[in-house]
Amino acid sequence: MTDFVNLMEIERFALHDGPGIRTTVFLKGCPLKCPWCANPESQTGKKLLMYFANKCALCGACASVCATGAITWVGGKPSHKRELCVGCEKCREACLSGAIAFSGRAATVGEIIAEVLRDKDYYDATGGGMTVSGGEPLAQFEALCALLKAAKSEGISTAVETTAQAPEQHVSAVAKLADVMLIDIKHSDPDKLARVTGADIGALRAGLRASMSAGARVVGRIPVIPGFNADSVEEILAFAAREGVRECHLLPYHTLGAGKYAQIGRTYGWSGSPLDKNSLSGAAEIGKRLGIKIKIGG
Amino acid sequence: MVKFDINGVQNVEISKKLPSQKTPEEQLAIMKEYTRVHASETSRDARELACLNVLYPRLFRDIEETDLIAGRIDFLPIGFGCVTSLGGVGHYCVFRDLLKLRDRLRTDEERRDIDAMYEYWKDHDVKTLYCRDTLTENTIGRFIDTHYPMIATARLSGMMLDYDKLIALGIPGLRAELSDKLRENAGNEFIAAGIGCLDLFTGCARRLADMARAKNRVRMAEGLESICSEKPAHFHEAMQLFWLYALLAGCINYGRLDDLLGLYLARDIEDGVLTEGEAYDYIKSLWIMIENRRTTVNGRVIVGGKGRKHPEEADVFARIALKVAKDVRFVEPQFTLRVDNDTPEDIWNLAMDALGAGATYPTIYNDEVNVPAVQFGMRVGRAAAERYVPFGCTEFVLYGQSTGTPNICINALKIMTGFLNGGVDPVDGKRICEAGEVKKLSEYGSFAELYDGYKRVLDRYIALSAQAQAHSYEVMNSQVSFLFASLLMDDCISRGRALLDGGVRYLGGTNELYGTINASDAFEAIRELVFEKKKYTLEQLEAAALRNFEGFERLRKELWECDKYGNDLDTADGLAVDLYEHLAKGVRDAGIAAGMRYYLVVISNNQLNTEWGRQTGASLDGRQTGMYMNPANNPQGGANKRGPTAMLNSLAKIDARYHAGSVQNIKFSPTFFAENRDMIKALFRTYFAKGGSHIMVTVVGRGVLEDAVKHPENYPDLIVRVSGFSAVFVNLDADIQQELISRVLYD
């Protein structure tokens, strides 16, 4: 079992990743490629250079300190070849305007738990705790288990936000350690799910079942994406109900993560307008019929 | 004697006062008479009473349409008062206002009269007398001269009187108590003058009753007449009695009105004398009258908390007051809610409603922490500690039992910039450390040695501050009795002595600290870069700071990226706590040694963190020359990056037992606040359970403040919490607006 976690970031006072006031630990790496992903920097396990063009003073300092050719100066602005980047962060140190950041670092379980513990009083007061999210946290199965065990031993309630795209026995093991499993149910149509996100519905169903039989509280998380599944919310809820899910969160599509694509040298691949929360209010009625408790937003 | 500018600005003034209703000529006549009486009377008590009789009832303003009780007064450039926010201190002359009035007078003779008074008051204005004694060339400046590392004044801020006693006894009862005392001790001038004050009170009440009758305000007139001869029987009479007394006493903070008036309010509602709607109108009317006094940083009204005699009835008042605060959205009164574990849920919810509406009120104090902290800090029993009330920007005082005026302010960061620069303030070249207090930077062998050297300089300032505070009481006592205030302060009547003449039960004081977080963050950066990583020498850092980091931008970035207070880190928070405790314990000990019951720091700041920052050199936390300093007990704007729990955890590390009030600001966007109200309420409560003493909340949209800078005309009513007071944003100076924008917004 490893003691190191490939960490993206720790967000304290997280209010949308499970009950109460939480600290969400985002891990790097995801097997899926959902085109609307709001955290594209989490998809790769690699430490990733993020460049904020709006802050850049175009001074050239980053290129002048880059020894690997990952940043060169072309036409009066920086050009990035992230595949050459070794993550030395010399460019970040040289940048006076804060236009460079790095996503991803190795952190020990102990140091993460130490920070999580700092807000224990807030969790205790609100039924909150630690959520491990991603990326896909199960992609770092051993580190995830270590985090959950460490939290448990400190009396911290835990949740895992996952796509369940992992070996069934891994999901099962994690669900035995976690109090809440927040499991993405992005579609009930196996073809659409596989074609657009790369996820396997069989793994999803196995994951849902394994989590329930492990005794975790299972919450289906349905990102409602126009052009993908916004017309199929009822079918997805019916699918969830058939799988035994009794609680679902509908997460209206937003574009808050769209700007991050440019920051990591990619193009945002989904078009659509953000959904208003109120446009999903009809789902409550469907949920009632199906015996599913619905919450709009996380 | 050091030279100082007696015409200078004496306090923060954002809210503009209503213009006097007296013509310049009428004002001149009253001030001439006041000056004549002042010069002719020699006994302190008799002189004060005679002077008050010159002012009142003449200075009462008209009764306004919205007024449901009577009492508005004007202030002249010469007169009598307690505080600098309205008029001045004791027998005062506000020289700058006197000169402005001179310009409005028409004849040479009138102007000569002004000149003669100007000369007279140069030797008699209480504050000027104090300044002559106290100010020094390089270290102690006058309020508010930010060129000095420490400033001092004489004032009697924050008096909150025992109005419970006033209302229980009524004027006749108080008169009887004084008469008994005078029979016991026939020659007691203080008591005799006290009886004269009650005559003045009833004279004013009757004059106002006439004015009310002339306007057909029958209930108001009857109330005014009734309180001259009876104890108040009804809510409006109790409110009238309290209000008129507070005006004549020169008090601008009002205390626990819920417990004071709640019983009358609840009884009148129950008896059908008053509807809840009428009660709302009365409280709203009082709010308008308080707002119209425009003190900028005062006007405290407190509800809730421990130690109330009639908590249930008091909560009836509190609920209505919370609704009024939400609806009117004034900058004053500074509406304050004390909470404890027994605070009803609906009161919490009403408070969240008002905050969510952007009222910036109530500002919330945690009795579970503050009451035991006050017991320790002020060295009083539990019952006395439960009487704590915040005034001004947050300073605690015990209503009816203690003085707590903050007459000294210390800028810990300015002292640090001088300490690192060979003892000389880098902004103006003044020597602010003494020989022997500083060494060459290369001679400091360890962080501990350096930090300790700085603390020794602070110790000298701490000792000076306690002496200067104690002396402010001596000077005021030599000139005035503060008669009206004394009558409602324990134990003035029973001892037969005026407030500062041995009358007040607990002679306390406060000392406002500034720039402490910048200083501790700067030491953290030194610790890390010089002594731990050995990346730079201390001289290199100081050389960069002296150039305001020009040409050293990368170094400045490294300083800024060192651990900062406000992120729940043991490093930076540990130093912040250590520096705070050094200052706070030092001030407390020095005050006790100087003969005060308590002398405690307050970490409040009005906007002085920005104003004093303008005169403070670049600091090694990465702050540039002239930039604002950190607000109150909060991190420097933008330094806290780990969310609200981390920031509140940092704030809660400051031990409340060693201060008499510490302001904690937090800022949310309206949508975030509305959507997560229960979690935010839980956030506040948990922070309180962890030792947080206070929270004040601004709810304002992202980008709104930025837009208001560009288009002030669109935001005439946008209220923000500065720190210890609220203000209309567009009335603030540009750099103060920037300081507010720099604070982290949670959304």
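Quick summary incoming for the structure in this document. (Residues numbered from 1 in each chain as written. Chains lettered and ligands numbered in written order. Predicted model: local features only at pLDDT ≥ 70, side-chain atom pairs only at ≥ 80, totals over all residues. Heavy atoms only, no water.)

A look at the overall build of chain B
- Counting secondary structure elements, chain B contains 29 helices and 19 strands.
- The C-alpha radius of gyration computed for chain B amounts to 26 Å, which stays within 12% of the reference 27 Å derived for 747 residues, consistent with globular compactness.
- Taken along the three principal axes of its C-alpha coordinates, chain B extends 80 × 60 × 50 Å.
- The buried share among the 747 residues of chain B stands at 66%.
- Taking all contacts inside chain B whose residues are at least 6 apart in sequence as the whole, residues at least 24 apart take part in 75%.
- As displayed, chain B offers around 24000 Å² of accessible surface, 48% of which is attributable to carbon and sulfur atoms.
- Across chain B, the mean location of the 89 positive side-chain charges is 2 Å away from that of the 104 negative side-chain charges. (Helix = DSSP H or I, 4+ residues; strand = E, 2+ residues; numbered from the N terminus. Rg over C-alpha atoms; globule rule 2.2 N^0.38 Å. Buried < 20%, exposed > 50% of the residue type's maximum accessible area, 1.4 Å probe, protein only. Contact = heavy atoms within 4.5 Å. Areas by Shrake-Rupley, 256 points an atom, 1.4 Å probe, with all protein chains shown as cover. Lys, Arg positive; Asp, Glu negative; His and termini not counted. Charge placed at Lys NZ, Arg CZ, Asp CG, Glu CD.)

Some details on the interface of chain A and chain B
- Each partner contributes to the interface: chain A provides 18 residues, whereas chain B provides 24 residues.
- Roughly 1800 Å² of surface becomes buried between chain A and chain B when both sides are summed, with 54% attributable to carbon and sulfur atoms.
- A per-residue breakdown of the area chain A buries against chain B is headed by Phe13, Arg118 and Tyr122 of chain A, which together make up 37% of the total.
- At the junction of chain A and chain B, the tally comes to 6 salt bridges.
- A salt bridge links Glu115 of chain A to Arg642 of chain B, with the shortest nitrogen-to-oxygen separation between them at 3.0 Å.
- For the pair chain A and chain B, the interface holds 12 residue pairs in polar contact (both at pLDDT 80 or more).
- At the level of secondary structure, the elements contributing two or more residues to the side of chain A that touches chain B comprise strand E1 (4-14), helix H2 (90-94) and helix H4 (120-126) of chain A.
- Here the side of chain A that touches chain B takes 4 residues from H4 of chain A, the largest share from any one element.
- Of the residues in the side of chain A that touches chain B, the class split is 7 nonpolar, 3 polar and 8 charged. (Buried area = accessible area lost by both parts, 1.4 Å probe. Salt bridge = Lys/Arg side-chain N within 4 Å of Asp/Glu carboxyl O. Polar contact = N/O pair within 3.5 Å; in protein donor to acceptor, adjacent residues only side chain to side chain. Nonpolar A, V, L, I, M, F, W, Y, C, P; charged D, E, K, R; others polar.)

Overview of the side chain of Gln479 of chain B
All names here are of chain B.
- Secondary-structure assignment places Gln479 in helix H17 (residues 447-479).
- For Gln479, the side chain forms a polar contact with the side chain of Ser478, separated by 3.3 Å.
- The contacts of Gln479, once residues within four sequence positions are left out, are Arg44, Arg47, His91, Val126 and Leu129.

Focus on the packing of aromatic side chains
Residues and elements named next belong to chain B.
- Here the structure, examined in full by the defined rule, presents 34 aromatic pairs over all chains.
- Here the aromatic rings of Phe668 and Phe684 are separated by 6.2 Å at their centres, their planes lie at 55°, and the arrangement is tilted. Taken together, the residues Phe668 in strand E15 (residues 665-668) and Phe684 in helix H27 (residues 677-689) connect sequence positions 16 residues apart.
- You can call Phe668 buried: its relative accessible area is 0%. (Phe/Tyr/Trp six-rings, centres within 6.5 Å; stacked < 30°, edge-to-face > 60°.)

Observations regarding the packing of helix H1 (residues 24-40) of chain B against helix H2 (residues 44-55) of chain B
Residues and elements named next belong to chain B.
- It is the contact of H1 with H2, at a shortest axis distance of 9 Å, that shows an interaxial angle of 170°. Classed by the angle they form, the pair H1 and H2 counts as roughly antiparallel. When you trace H1 past H2, the crossing you get is right-handed. Contacts from Ile30, Glu33, Tyr34, Val37 and His38 in H1 reach Arg47, Ala50, Cys51, Val54 and Leu55 in H2.
- When the residues that make up the contact of H1 with H2 are grouped by side-chain class, the tally is 7 nonpolar, 1 polar and 2 charged. (Axes fitted to C-alpha atoms, helices over the stretch in contact; angles between N-to-C directions. Parallel < 35°, antiparallel > 145°, perpendicular 65-115°, else oblique. Left-handed = near helix turned anticlockwise from the far one by under 90°.)

Notes on unusual backbone geometry
- A cis amide bond, omega 20°, links Gly134 of chain A with the succeeding residue Gly135 of chain A.
- Here Gly135 of chain A shows up in the loop between strand E8 (129-133) and helix H5 (141-153).
- Note the cis peptide between Asp490 of chain B and Asp491 of chain B, where omega equals -5°.
- With respect to the helices and strands, the residue Asp491 of chain B is situated in the loop between helix H18 (483-487) and helix H19 (492-495).

A closer look at helix H9 (residues 235-249) of chain B
- For H9 of chain B, with 15 residues, the first-to-last C-alpha span of 21 Å sits near the 21 Å given by 1.5 Å per residue.
- Of all 15 residues in H9 of chain B, 15 are buried; the element is thus mostly enclosed. (Expected span 1.5 Å × (residues − 1).)

Details of the pattern of salt bridges
- One pass over the full model with this rule turns up 75 salt bridges over all chains.
- In this structure, Glu291 of chain B engages Arg294 of chain B in a salt bridge whose closest nitrogen and oxygen atoms are separated by 3.0 Å.
- Across the pair Arg527 of chain B and Glu524 of chain B runs a salt bridge whose closest N-O atoms are separated by 2.9 Å. Of the two residues, Arg527 of chain B and Glu524 of chain B are both situated in helix H20 (residues 516-532); the distance of 3 residues between them amounts to about one turn of the helix.
- On the basis of relative accessible area, Glu524 of chain B is assigned to the buried category, the value being 0%.
- It is possible to trace a salt-bridge network through shared partners that takes in Arg12, Glu115, Arg118 and Asp119 of chain A together with Asp568, Asp570, Asp573, Arg642 and Lys653 of chain B.

Re the nonpolar core
- Counting residues in each nonpolar core, the largest one holds 245 residues, and the members touching the most others are Tyr245, Tyr454 and Ile526 of chain B.
- Ranked by the residues each element gives to this core, the list is headed by H17 of chain B, at 14 residues.
- When sequence neighbours within four positions are dropped, the list of residues in contact with Tyr245 of chain B reads Leu161, Tyr163, Leu166, Leu198, Phe201, Phe484, Leu487 and Leu488 of chain B.
- Of all hydrophobic cores here, the second largest spans 67 residues; its members include Ile156, Val160, Ile222 and Phe228 of chain A. (Core = buried A, V, L, I, M, F, W, Y, C linked by side-chain atoms within 4.5 Å.)

Observations regarding the sheet that holds E15 of chain B
Residue and element names in this part refer to chain B.
- The strand order across the open sheet built from 6 strands is E5-E6-E7-E16-E15-E19, with neighbouring strands paired in mixed fashion. This sheet does not close on itself; its edge strands, each paired only once, are strand E5 (300-303) and strand E19 (745-746).
- Where strand E7 (residues 363-366) meets strand E16 (residues 694-699), 2 bridges bridge the pair, whose relative direction is antiparallel. Directly across from Tyr365, in E16, lies its bridge partner His694. (Pairing = 2+ DSSP bridges.)

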